[in-house]
Amino acid sequence: MNKWMIPLALLIAAPAHAEWDLNGEQSALSFVSTKAINMAEVHQFGTLSGGVDADGMVFVTIDLGSVDTSIELRDDRMREMLFDTENHPTAEVSAKVDSAVVNALQPGESTDMNVEANLSLHGSERRLAMDVKVARVGDHSLLVTTNRPVIVNAWEFALGEGVEALRAIAGLDSISMGVPVSFVLAFDEE
């Protein structure tokens, strides 16, 4: 066999470095708020966008104005008093993943990854550790889910005063500053 045949065959069989677009309609990002010590409620953001470039850089933008708590007045208060969407309309998450590992997945296969992500929210930036599962669910589609919720601390993102304002206007004894966040992100290959 020609000595060039094996490297050529490996090159042809190796997956190309794919680029992926976030499918906002198939994706979800939810968070849990806890008030009055033991009353937990699940909320979500309705509009997400982003993608993954060929080098494995992940970018996700969360439209904070799309917050959905199932109570319109509370949504308005969160937009104005907590997120201040007039001045901070979005939150951005960025991370680097091993694109070779992701591109090597075959349909039906998945892998767990520990990802160090950067969250930019309300004028502050912090690194967050995320334990995620990446699954190839089709020839041209990926699903990335949290294995465990990510805890976002409101004080670290200059949101403490907004949480306190919401607590006061709602007449509550407490609202937790630690917020568990979970997500399911669907990506389609470009």
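The rules behind these values
Residues numbered from 1 in each chain as written. Predicted model: local features only at pLDDT ≥ 70, side-chain atom pairs only at ≥ 80, totals over all residues. Heavy atoms only, no water. pLDDT = per-residue confidence, 0-100. Helix = DSSP H or I, 4+ residues; strand = E, 2+ residues; numbered from the N terminus. Patch = residues over 30% accessible without salt bridge, like charges linked within 9 Å, V, L, I, M, F, W, Y side chains within 5 Å. Areas by Shrake-Rupley, 256 points an atom, 1.4 Å probe, with all protein chains shown as cover. Salt bridge = Lys/Arg side-chain N within 4 Å of Asp/Glu carboxyl O. Lys, Arg positive; Asp, Glu negative; His and termini not counted. Charge placed at Lys NZ, Arg CZ, Asp CG, Glu CD. Buried < 20%, exposed > 50% of the residue type's maximum accessible area, 1.4 Å probe, protein only. Expected span 1.5 Å × (residues − 1). Arc of directions from axis to C-beta. Contact = heavy atoms within 4.5 Å. Phe/Tyr/Trp six-rings, centres within 6.5 Å; stacked < 30°, edge-to-face > 60°. Pairing = 2+ DSSP bridges. Polar contact = N/O pair within 3.5 Å; in protein donor to acceptor, adjacent residues only side chain to side chain. Axes fitted to C-alpha atoms, helices over the stretch in contact; angles between N-to-C directions. Parallel < 35°, antiparallel > 145°, perpendicular 65-115°, else oblique. Nonpolar A, V, L, I, M, F, W, Y, C, P; charged D, E, K, R; others polar.

Caption draft 1: Representation of the confidence of the model for the protein chain within the structure. Overall, the prediction assigns the protein chain a mean pLDDT of 91, with 91% of residues at 70 or greater. Strand β6 (residues 67-68) holds the highest mean pLDDT among the elements of the protein chain, 98, whereas helix α1 (residues 5-13) holds the lowest, 36.

Caption draft 2: Expanded view of a negative patch on the surface. A grouping of Glu19, Asp21, Asp55, Asp188 and Glu190 is seen on the molecular surface, where their side chains present a negatively charged patch. Note on placement: Asp21 falls in strand β1 (residues 20-22). Relative accessible area serves as the criterion here: at 37%, Asp21 is assigned to the partly exposed category.

Caption draft 3: Representation of helix α2 (residues 72-83) within the structure. In this model, α2 (12 residues) spans 15 Å end to end at C-alpha, consistent with the 16 Å of a helix rising 1.5 Å per residue. Residues of α2 that are buried: Arg74, Asp75, Met78, Leu82 and Phe83. Down the axis of α2, the sector holding all buried residues measures 105 degrees, keeping them to one side. Turned more than 90 degrees from where α2 packs its buried face, Glu72 and Glu80 sit exposed. Tucked inside the fold, the buried residues of α2 contact β2 (28-35), β3 (39-45), β6 and α4 (160-170). Among the residues trailing α2, Asp84 stands out with phi positive, at a value near 50 degrees.

Caption draft 4: Region of interest: the packing of aromatic side chains. Throughout the structure, instances matching the rule amount to 2 aromatic pairs. An aromatic cluster is defined as three or more aromatic residues linked by ring pairs; in this entry it consists of Phe31, Phe45 and Phe83.

Caption draft 5: View of the pairing of strand β4 (residues 48-52). Across 2 bridges, β1 lies against β4 in antiparallel orientation. Looking at β4, one finds that Trp20 is bridged to Val52. Where β4 meets strand β5 (residues 57-63), 5 bridges bridge the pair, whose relative direction is antiparallel. Bridge assignment links Leu48 to a residue of β5, and that residue is Ile62. Counting the residues between successive antiparallel strands, the hairpin from β4 to β5 contains 4 residues, one of them, Gly56, with a positive phi of roughly 90 degrees.

Caption draft 6: Examining the side chain of Arg136 more closely. With respect to the helices, strands and loops of the structure, Arg136 is situated in strand β9 (residues 124-138). Despite being buried, Arg136 has no salt bridge partner; Glu189 is the closest side chain of opposite charge, sitting 4.3 Å away. In this structure the side chain of Arg136 is engaged in a polar contact, spanning 2.8 Å, whose partner is the backbone oxygen of Asp139. In contact with Arg136, other than residues within four places in its own chain, are Trp20, Val102, Asn103, Leu105, Gln106, Pro107, Gly108, Glu109, Ser141, Leu142 and Glu189.

Caption draft 7: Main features of unusual backbone geometry. In this structure, Asp84 is a non-glycine residue whose phi angle is positive, near 50 degrees. When you line up the elements, Asp84 lands in the loop between α2 and β7 (90-96).

Caption draft 8: Structural context of the environment of Ala154. Tracing the sequence through the fold places Ala154 in the loop between β11 (150-153) and α4. Exposure remark for Ala154: the relative accessible area of 7% places this residue in the buried category. Put simply, Ala154 and Leu121 are 33 residues apart on the chain and 9.8 Å apart in space, counted from C-alpha to C-alpha. Discounting chain neighbours no more than four positions away, the residues touching Ala154 are Leu159, Gly160, Val163 and Met177.

Caption draft 9: Layout of the packing of α2 against α4. It is the contact of α2 with α4, at a shortest axis distance of 8 Å, that shows an interaxial angle of 135 degrees. Taken as axis vectors, α2 and α4 run oblique relative to one another. Of the residues in α4, those touching α2 at Arg77, Met78, Met81 and Leu82 are Gly162, Val163, Ala165, Leu166 and Ile169. Its residues assigned to classes, the contact of α2 with α4 shows 7 nonpolar, 1 polar and 1 charged.

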